[in-house]
Amino acid sequence: MAEKVPGKLGRVMGNPAAAAKLLSLSGLFAVYKPKGPTSANVLNKLKEKLLAEADIQKCARKRKKQILKIGHGGTLDSAAAGVLVVGIGKGTKMLSSILAGSKKYMAIGELGKATDTLDATGKVTEEKPYDQITKEDLERVLQKFTGDIMQVPPLYSALKRDGQRLSSLMKKGEAVEAKPARPVMVYSLSLQNFQPPLFTLDVECGGGFYVRSLVSDIGKELSSCASVQELTRTKQGPFTLEEHALHEDKWTIDEIAQSLEHCMSLLAVEPSLKKLKTEHSEESSVNCEDK
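The shown structure was predicted, so the numbers you read here are calculated from the model rather than taken from an experiment.

Where do I start with the nonpolar core in this structure?
In a soluble, globular protein the nonpolar side chains are often hidden away together inside. Membership of the largest hydrophobic core comes to 37 residues, with the highest contact counts inside it found for L22, F29, V31, L46 and F239. Those elements that provide at least two residues to this core are α1 (16–24), β3 (27–33), α2 (39–53), β6 (81–88), α3 (95–100), β17 (245–246) and α7 (253–267). At 6 residues, α7 tops the list of elements feeding residues into this core. Not counting residues up to four positions away in its chain, the partners in contact with L46 are F29, V31, I70, V86, W251 and I256.

Here's what the structure looks like:
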């Protein structure tokens, strides 16, 4: 028989043991975000699966408080895949540190083609010759985008104006002015493959960095244009795609509990993440201008 828990928004728990374990989870772990859904969609699906496993149902018509505190530490574009760091319980207060930390990406760019979104999902706005560009030209240009640089964020982004995302305003057809260039950090940038018009980059950067802007700026620097064809976040903080990102078939209470134990041990060597941050962290989704 399902149990009703007083003072918990009329929570009905059909599996009290699983529910107790779920609601006791706290910390950071990583999941795999596939290409297609938004980061918020992935987070909502994860939350729904966990609540369903614990057989937790809400009786209250209006949600006054989150039943399960959960959030993510950095938005990935819908067209991108890779590591999505998730905070659960008190772990949601650590997400601001993850946002500001380093990330690694693998990006495939295409020379000679520019789009309004700076990636393959947008409309082509310009096409230019690229036959004259050599591997040496590209490697030389990459040096200009390493270290402390100034970068203009894309118009299609998670940045907001008057509380609304610029990308949402653009889709509504509203006029949006580009945000001013801002300082960002590129720790390392290397060319992994060059088969014109395609080229593959390995990028390690700090928070607030846009790989789409990087690829677009590289194209301009080469007197051509370029856009992102594929983008994968391979690492965020200490969490790697190969070792730590749980795929959907592993989105269970027991698997996440095990992952939390392992992942929190990784954070013990990250000085900036040893203490729970007290800054406000949006518990349903934490946005980051970082993709």
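What is the right way to read the pattern of salt bridges from this model?
It is possible for side chains bearing opposite charge to pair when their charged atoms get close. On inspection of all chains with the given rule, the structure shows 8 salt bridges. The residue E248 makes a salt bridge to K45 at a minimum N-O spacing of 3.1 Å. In this pair, E248 sits in the loop between β17 and α7 while K45 sits in helix α2, placing the two residues 203 residues apart along the sequence. E248 sits in the partly exposed class, given a relative accessible area of 34%.

Would you take a moment to explain the environment of A81 for this structure?
On the secondary structure map, A81 appears in strand β6. Residues contacting A81, with those up to four places away along its chain left out, are Y32, K33, P34, K35, L76, L231, T232 and R233.

What exactly am I supposed to notice about the side chain of T234 here?
Structurally, T234 can be placed in strand β15 (residues 226–236). Non-local contacts of T234, meaning those with residues more than four positions away in its chain, are made with V83, K104, Y105, M106, F239, T240, L241 and E242.

Parameters at a glance
- Residues numbered from 1 in each chain as written.
- Predicted model: local features only at pLDDT ≥ 70, side-chain atom pairs only at ≥ 80, totals over all residues.
- Heavy atoms only, no water.
- Core = buried A, V, L, I, M, F, W, Y, C linked by side-chain atoms within 4.5 Å.
- Buried < 20%, exposed > 50% of the residue type's maximum accessible area, 1.4 Å probe, protein only.
- Helix = DSSP H or I, 4+ residues; strand = E, 2+ residues; numbered from the N terminus.
- Contact = heavy atoms within 4.5 Å.
- Salt bridge = Lys/Arg side-chain N within 4 Å of Asp/Glu carboxyl O.

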